Amino acid sequence: MPVSLRDVLDLEVLKDARVRAAREALAERPVEWVSVIEIPVENFVRERELVLSTAMGCGHDEGLLLGFVAEIEASQASALALAVGCYVQEIPGKVIDYCQARRFPLIELPWEVRFADVIRAVSDLTLRKQYEMAETFQKELSRLLWQRAGPEEICERVSQLIGVPVAVADTGGRVRAASRALRAMAPSLEAALAERGLESERDAWLDLEGLRCLCRPVAFSSQRFGHVIVGLSAAEPGLPLEYAHALNQLAIAVGMWFLQERVVLETELRLREDFVWSLAQGSTAPWEETLSKGALLGFDLNRPFICLVGQLEVSRGAKGCPSPSEGEALVYRELRELAHLSLQQVLVTHQQGQFVVFLEVPSRSKLVWRQSVHSFLDALAKRLGARLDSPLSWGISRYHGEGAVFAQVYQDARIALQVGRTRKGPGCRMEFEDTGIYRALLRLAEDAEVGEIVLSVMRPLVDYSRQKGLDLVSTLTAYLRHQGNISQTARALGLHRQSLIYRLEKIETLTGRSLLDPEDRFLLQLCAELWQLGEPRP
């Protein structure tokens, strides 16, 4: 507890002092400092000060003395101690009555008492009291932390020690713990925090139902966790000195608790991510064991799931674009938050630059589960909004039913993503069921002899394109897509007709194949398709 005026009057140096007014208020008047003031008072007196004075310049006039005392009282000083015997021979009754009516302690000091001795004695007392409080507070906090007390218990005990209500809020403004006096006001406190928007690293003040609340940021290991909140009297001008150390110690203790909680959550998150990735890779453990492990992590794997595999198409070096790591971190945060809010189970992990999502679907009906998948992806896009300039590409698996199908649906989605990025470009959503012809081509591309043929046809075009800055592969693909129509191909590529003819002749020269020969044209189209499947666009 703070030093009270009663504690001060018990000092040896003040043994001859007489209380002339408001004796009943001595215990409730805290003293933080001592000052010596003569007229004029103006703004030289601060709250919670014991004011010493000889009344020089006004002691000879009762009216002036009364005005001087009134100014001291209005400054919210703790008390006024007048030295009598020189400028004031005796304190007037009107002054005593004035102080008594306002419960403002008035003390009479013998002229022989030196003000310097009073100041030193009171300073020693306040410092000793603060040290004792700090030591007691630190020991109590250490005991609570050693016993692994939660923030609710810490808040209640701290409130008992310092005599004011205490609460703790996280960075989202949610009240995580509060002493009894603030617990009922938690909704109002959260609303006030949301309105105030506490983003600064400095102390902030809130007015709350008759209380003036100080919000002090909690930071630990360079990480912000939230705020410690103390509720002071609405008339309190600022943070009392005796609370400052306690509040700093409490902020450290709460920071340690938040840090411990974050470590636990991050460990649990890593376990979940690793488990989801093991499902995608095809867990070698018996299915019953996998089911049990999933249940421990909060997953019911005996449900039907569709897999989504996504990739952020970041244009490296593009002005104004976030770095790949920043963009992926943003997408993953929003994915986890959306999974948390979803009514269906959503298993998420981020591995090797790709986002793997197992989304529980409500029905085997293709129409229903497709709507569920695209609603989820639309919700993610809406959450990301303008914060993400780079497109997200997605591959979507087919429906495999329930049970140990996670590796199958993951492979479906991975193939769909690969084909979609190649055929549709960045920002695609490709379903596995729409990739039939391309899967056949992928299987064909696995043959070594076929690979040699593709390389012999396509490598000259690629090398020439890099040297001359002409994209002959895209030119060939567009020409074949438009079934050899020169005019349509030129419009699609934005080229002059003669420029297109020049490119086509160059393709024939480099490959040794004729675009007019059906067999050569079939081989060129097959090689172009296989080449693009093996070289997804960035």
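In this text the structure is predicted, and so the values were computed from the model without any measurement.

Draft legend 1. Up close: the side chain of Gln-345. Residue position: Gln-345 is located in the loop between α10 (324-341) and β12 (346-351). The class for Gln-345 is buried, based on a relative accessible area of 18%. A polar contact of 2.7 Å, which involves the side chain of Gln-345, links it to the backbone nitrogen of Asp-300. Non-local contacts of Gln-345, meaning those with residues more than four positions away in its chain, are made with Gly-298, Phe-299, Asp-300, Arg-303, Phe-305, Phe-358, Leu-359 and Glu-360.

Draft legend 2. Structural view of the side chain of Ser-53. Tracing the sequence through the fold places Ser-53 in strand β3 (residues 49-53). With residues near it in sequence (within four places) discarded, Ser-53 still touches Ile-37, Glu-38, Phe-68, Leu-80, Ala-81, Leu-82, Ala-83 and Phe-115.

Draft legend 3. Structural view of the packing of aromatic side chains. For the structure on display, the rule yields seven aromatic pairs. Ring centres 5.9 Å apart and planes at 0° place the aromatic pair Phe-225 and Phe-258 in the stacked group. Here the residue Phe-225 occupies a position in strand β10 (residues 223-233), and Phe-258 occupies one in helix α8 (residues 241-281), the gap between them amounting to 33 residues. As far as the burial class goes, Phe-225 and Phe-258 line up, both buried. With a centroid separation of 6.2 Å and 35° between ring planes, the pair formed by Trp-287 and Phe-406 is classed as tilted. Taken together, the residues Trp-287 in helix α9 (residues 287-296) and Phe-406 in helix α12 (residues 406-423) connect sequence positions 119 residues apart.

Draft legend 4. Structural detail: the packing of helix α15 (residues 472-481) against helix α16 (residues 486-493). Contact geometry of α15 with α16 gives a least axis separation of 9 Å together with a crossing angle of 135°. Comparing the axis directions of α15 and α16 gives the class oblique. As for how α15 packs across α16, the hand of that crossing is right-handed. Taken together, the residues of α16 that come into contact with α15 (itself represented by Ser-474, Thr-475, Ala-478 and Tyr-479) are Ile-486, Thr-489 and Leu-493. For the contact of α15 with α16, the residue count by class is four nonpolar, three polar and no charged.

Draft legend 5. Looking closely at the nonpolar core. The biggest cluster of nonpolar side chains holds 32 residues, and the ones touching the most others in it are Val-454, Met-458, Leu-461, Leu-476 and Leu-504. Those elements giving two or more residues to this core turn out to be α12, α13 (436-445), α14 (448-468), α15, α16, α17 (497-511) and α18 (518-534). Non-local contacts of Val-454, meaning those with residues more than four positions away in its chain, are made with Arg-459, Cys-527, Leu-530 and Trp-531. Counting 28 residues, the second-largest nonpolar core is a separate cluster that includes Ala-149, Ile-154, Cys-155 and Val-218.

Draft legend 6. Structural context of the sheet that holds strand β11 (residues 305-312). One open sheet holds the five strands; their spatial order is β12-β13-β11-β14-β15, and the pairing between them is mixed. In the strand order of this sheet, the two ends are held by β12 and β15 (429-431), each with one partner. With direction set aside, neighbouring strand axes in the sheet form an average angle of 15°. For β12 and strand β13 (residues 354-360), the ladder comprises six bridges, and the chain directions are antiparallel. Its bridge partner being in β13, His-350 is matched across the sheet by Phe-355. Lying on the sheet, helix α11 (residues 366-384) is in contact with β11, β12, β13, β14 (392-396) and β15; it crosses β14 at an angle near 165°. The strands touched by α12 are β11, β13, β14 and β15; relative to β11, the strand with the most contacts, the crossing angle is about 35°.

Draft legend 7. Highlighting the packing of α14 against α15. One can describe the packing of α14 onto α15 by two numbers: an axis separation of 8 Å at closest approach and a directional angle of 125°. Comparing the axis directions of α14 and α15 gives the class oblique. Residues Met-458, Leu-461, Val-462, Tyr-464 and Ser-465 of α14 form the contact with α15, whose own contacting residues are Leu-472, Val-473 and Leu-476.

Draft legend 8. View of the layout of surface pockets. Counted as a void, the largest pocket has a volume near 1,200 Å³. As for the largest pocket, its lining consists of 28 residues, of which Leu-265, Leu-269, Arg-336, Glu-337 and His-340 are closest to the centre. Secondary structure elements with two or more residues in the lining of the largest pocket: α8, α10 and β12. Here the lining of the largest pocket is built from residues that sort into eleven nonpolar, five polar and twelve charged.

Draft legend 9. View of empty space enclosed by the protein. Considering all chains together, one arrives at two cavities of 30 Å³ or more under this definition. When its volume is computed, the second largest cavity comes out at roughly 30 Å³. Along its surface, the second largest cavity is lined by Val-8, Leu-9, Leu-14, Leu-50, Leu-52, Ala-81, Ile-107, Leu-109 and Val-118. In terms of residue class, the lining of the second largest cavity is built from nine nonpolar, no polar and no charged.

Draft legend 10. The arrangement of the sheet that holds strand β2 (residues 33-36) in detail. With mixed pairing, the five strands of this open sheet are ordered in space as β1-β5-β4-β3-β2. Strands with a single pairing partner mark the edges of an open sheet, and in this sheet they are β1 (18-21) and β2. On average, each strand axis in the sheet is tilted by 25° relative to the strand beside it, whichever way the strands run. Note that β3 and strand β4 (residues 79-84) share four bridges and pair parallel. Each residue of the ladder has a partner; that of Leu-52, found in β4, is Ala-81.

Draft legend 11. How the structure looks around the environment of Trp-205. Positionally, Trp-205 belongs in strand β8 (residues 204-208). In this structure the C-alpha to C-alpha distance between Trp-205 and Leu-193, which are twelve residues apart in sequence, comes to 10.0 Å.

Rules of the game
- Residues numbered from 1 in each chain as written.
- Predicted model: local features only at pLDDT ≥ 70, side-chain atom pairs only at ≥ 80, totals over all residues.
- Heavy atoms only, no water.
- Helix = DSSP H or I, 4+ residues; strand = E, 2+ residues; numbered from the N terminus.
- Buried < 20%, exposed > 50% of the residue type's maximum accessible area, 1.4 Å probe, protein only.
- Polar contact = N/O pair within 3.5 Å; in protein donor to acceptor, adjacent residues only side chain to side chain.
- Contact = heavy atoms within 4.5 Å.
- Phe/Tyr/Trp six-rings, centres within 6.5 Å; stacked < 30°, edge-to-face > 60°.
- Axes fitted to C-alpha atoms, helices over the stretch in contact; angles between N-to-C directions.
- Parallel < 35°, antiparallel > 145°, perpendicular 65-115°, else oblique.
- Left-handed = near helix turned anticlockwise from the far one by under 90°.
- Nonpolar A, V, L, I, M, F, W, Y, C, P; charged D, E, K, R; others polar.
- Core = buried A, V, L, I, M, F, W, Y, C linked by side-chain atoms within 4.5 Å.
- Pairing = 2+ DSSP bridges.
- 1 Å grid on protein atoms, 1.4 Å probe; cavity = no way out; pocket = protein on both sides within 12 Å on 5 of 7 lines; lining within 4 Å.
- Points joined across faces, edges and corners; volume = space filled by probe spheres on them.

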